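Residue strings, one per chain:
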Amino acid sequence: MKLSSSPTICRKALLPEARSFARQVGFDWIALFRTWTASSPVHPDFSVGMVRDTVREHDVTLSELNIRNLTGRKADSDERNLPYNLRQLEWDRPLTRTLGLSSVNIKGGSRTSEAMEDLIEGCNRLVDSVPEISLNLGNHVGNRLETLDDLPKVFSNLDGKVNVLLDTGHFLSPGQNGIAIAEKFANRIGVVHLRDQKADQPVPFGEGDLPFGSLFDVLNGAGYTGDLAIEMETVTWANPLEATIEAREFLEDFLGKR
């Protein structure tokens, strides 16, 4: 398993600054987001080649890319329009290949029956259209994959190239049993986003409700060797640099003892 820096802790930082932050806190890997953070690889001042070179030339390797959500709707009007949404995502997926990745992270839309139908159809169409790039589909508070019951309903209808993005913070916030999900989908986990919390409030790693021991027992038992992206969003107990270093050291120490 490899530890990766998530730029969600420094959302306003452009890619060079986010990359520099990753190195300062001791990471060799960095995750990027198509939206949500200023370090997006899609930026008017950056070409794709510049993004690729910026990461490679400074001893930081791109571990994962999170693209736009598969909502089945148009962003400007909220009109249901799956073909339109898929065209947006089809623009994002070649970016993944250009940046040297073989999978991409994605999340769904709101908690409606329409959103579930569009999520299933859309994911299957995406893996059919670009079969060499797999999908990691993540859970998120308030969207189509929020609860323990949601994932089996969706994943039982998805192509085997759609894996699980296990986001611990978004299971802890609504009080869901993330370990039960990890156990059920142990052999289908494509990437893990780690955040420790007390209820919906992020806290230092090891001080919240995330059962690290049980989670890593499941991951080790499944032979998981993928990315562990450390998310430190809305840090309130320390400065972001210090808090992220402490989280990395906690995980390195924890993993080293297992």
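Look up: the structure comes first, before these words.
Residues numbered from 1 in each chain as written. Predicted model: local features only at pLDDT ≥ 70, side-chain atom pairs only at ≥ 80, totals over all residues. Heavy atoms only, no water.

Peer 1: I would appreciate a short explanation of the packing of aromatic side chains in the present structure.
Peer 2: Here a ring pair, both rings aromatic, is described through the centre-centre distance and the interplanar angle of the planes. Inspection of the entire model under this criterion finds 8 aromatic pairs. Ring centres of Phe 205 and Phe 250 lie 6.4 Å apart, and the angle between their planes is 85°; this geometry places the pair in the edge-to-face category. Taken together, the residues span a long stretch of sequence, with Phe 205 in the loop between β9 (201–202) and α8 (212–221) and Phe 250 in helix α9 (residues 240–256) at a distance of 45 residues. Looking at Phe 250, the relative accessible area reads 25%, which means it is partly exposed. Their ring planes at 55° and their centres at 6.1 Å tell us that Phe 212 and Phe 254 sit as a pair that is tilted. One end of the pair, Phe 212, is in helix α8; the other, Phe 254, is in helix α9, and 42 residues separate them in sequence. For the pair Phe 212 and Phe 254, a shared accessibility class is recorded, and that class is buried. Connected via pairs of aromatic rings, a cluster forms that spans Phe 205, Phe 212, Phe 216, Phe 250 and Phe 254. Here the guanidinium or amino end of Lys 2 rests over the ring plane of Trp 29, the centre of that ring lying 4.8 Å away. (Phe/Tyr/Trp six-rings, centres within 6.5 Å; stacked < 30°, edge-to-face > 60°. Helix = DSSP H or I, 4+ residues; strand = E, 2+ residues; numbered from the N terminus. Buried < 20%, exposed > 50% of the residue type's maximum accessible area, 1.4 Å probe, protein only. Lys NZ or Arg CZ within 6 Å of the ring centre and 35° of its normal.)

Peer 1: Honestly, helix α2 (residues 48–56) in this entry has me stumped. Any pointers?
Peer 2: Residues three or four positions apart in an α-helix share a direction because the helix packs 3.6 residues into each turn. Taken as a whole, α2 has its buried residues at Val 51, Thr 54 and Val 55. The buried side chains of α2 occupy one side of the element, clustering within an arc of 95° when seen end-on. Lining the buried residues of α2 we find α1 (15–24) and β3 (61–66). (Arc of directions from axis to C-beta. Contact = heavy atoms within 4.5 Å.)

Peer 1: Any chance you could explain the pattern of salt bridges here in plain terms?
Peer 2: Opposite charge on two side chains makes pairing possible when the charged atoms of those side chains draw close. Tallied over the full model, the rule gives 17 salt bridges. The residue Glu 117 makes a salt bridge to Arg 80 at a minimum N-O spacing of 3.3 Å. Taken together, the residues Glu 117 in helix α4 (residues 113–129) and Arg 80 in the loop between β3 and α3 (82–98) connect sequence positions 37 residues apart. Across the salt bridge formed by Arg 144 and Asp 150, the nearest N and O atoms sit 3.3 Å from each other. With respect to burial, Arg 144 and Asp 150 carry one shared label: buried. (Salt bridge = Lys/Arg side-chain N within 4 Å of Asp/Glu carboxyl O.)

Peer 1: Hey, could you run me through the pairing of strand β4 (residues 103–107) in this one?
Peer 2: Successive side chains on a regular strand alternate, one facing one side of the sheet and the next facing the other. Most of β4 is tucked away, with 4 of its 5 residues classed as buried. Pairing of β4 with strand β5 (residues 134–138), which is carried by 5 bridges, proceeds in the parallel orientation. Pairing of Ser 103 across the sheet is with Ser 134, part of β5. A crossover links β4 with its parallel partner β5, the connecting element being α4, and its sense is right-handed. (Pairing = 2+ DSSP bridges. Right-handed = clockwise from strand over helix to strand, strands pointing away.)

Peer 1: Just checking my understanding: could you explain the environment of Gly 223 for this structure?
Peer 2: Within the secondary structure layout, Gly 223 lies in the loop between α8 and β10 (227–230). Each C-alpha atom of the pair Gly 223 and Asn 187 lies 8.2 Å from the other, and the pair is 36 residues apart in sequence.

Peer 1: Hey, could you run me through the nonpolar core in this one?
Peer 2: Side chains that are nonpolar tend, in soluble globular proteins, to be buried together. In terms of nonpolar packing, the biggest core is built from 74 residues, with Leu 70, Leu 137, Phe 155, Leu 166 and Leu 194 touching the most fellow members. Looking at which element gives the most residues to this core, the answer is α4, with 6 residues. (Core = buried A, V, L, I, M, F, W, Y, C linked by side-chain atoms within 4.5 Å.)

Peer 1: Quick question: what am I supposed to make of the pairing of strand β6 (residues 162–167) here?
Peer 2: Counted residue by residue, β6 has 6 buried out of 6 residues, so it is predominantly covered. Note: β5 against β6, 4 bridges, orientation parallel. What sits directly across from Leu 135, in β6, is Val 162. Traced from β5 through helix α5 (residues 150–155) to β6, the parallel crossover comes out right-handed.

Peer 1: For this particular structure, what's the right way to read the packing of α8 against α9?
Peer 2: When two helices pack together, their arrangement is captured by the angle between the axes and the distance separating the axes. In contact at an axis separation of 11 Å, α8 and α9 are set at 60° when each is read in the N-to-C sense. By the criterion of interaxial angle, the relationship of α8 to α9 is oblique. Relative to α9, α8 is oriented so that their crossing is right-handed. On the side of α8, the interface is formed by Phe 212, Gly 213 and Phe 216, while α9 contributes Phe 250, Leu 251, Phe 254 and Leu 255. Per-class residue counts for the contact of α8 with α9 are 6 nonpolar, 1 polar and no charged. (Axes fitted to C-alpha atoms, helices over the stretch in contact; angles between N-to-C directions. Parallel < 35°, antiparallel > 145°, perpendicular 65-115°, else oblique. Left-handed = near helix turned anticlockwise from the far one by under 90°. Nonpolar A, V, L, I, M, F, W, Y, C, P; charged D, E, K, R; others polar.)

Peer 1: I keep staring at the environment of Ala 115 and nothing clicks. Help me out?
Peer 2: On the secondary structure map, Ala 115 appears in helix α4. By relative accessible area, which is 3% here, Ala 115 ends up buried. Setting aside residues no more than four positions away along its own chain, Ala 115 makes contact with Gly 109, Ser 110 and Arg 144.

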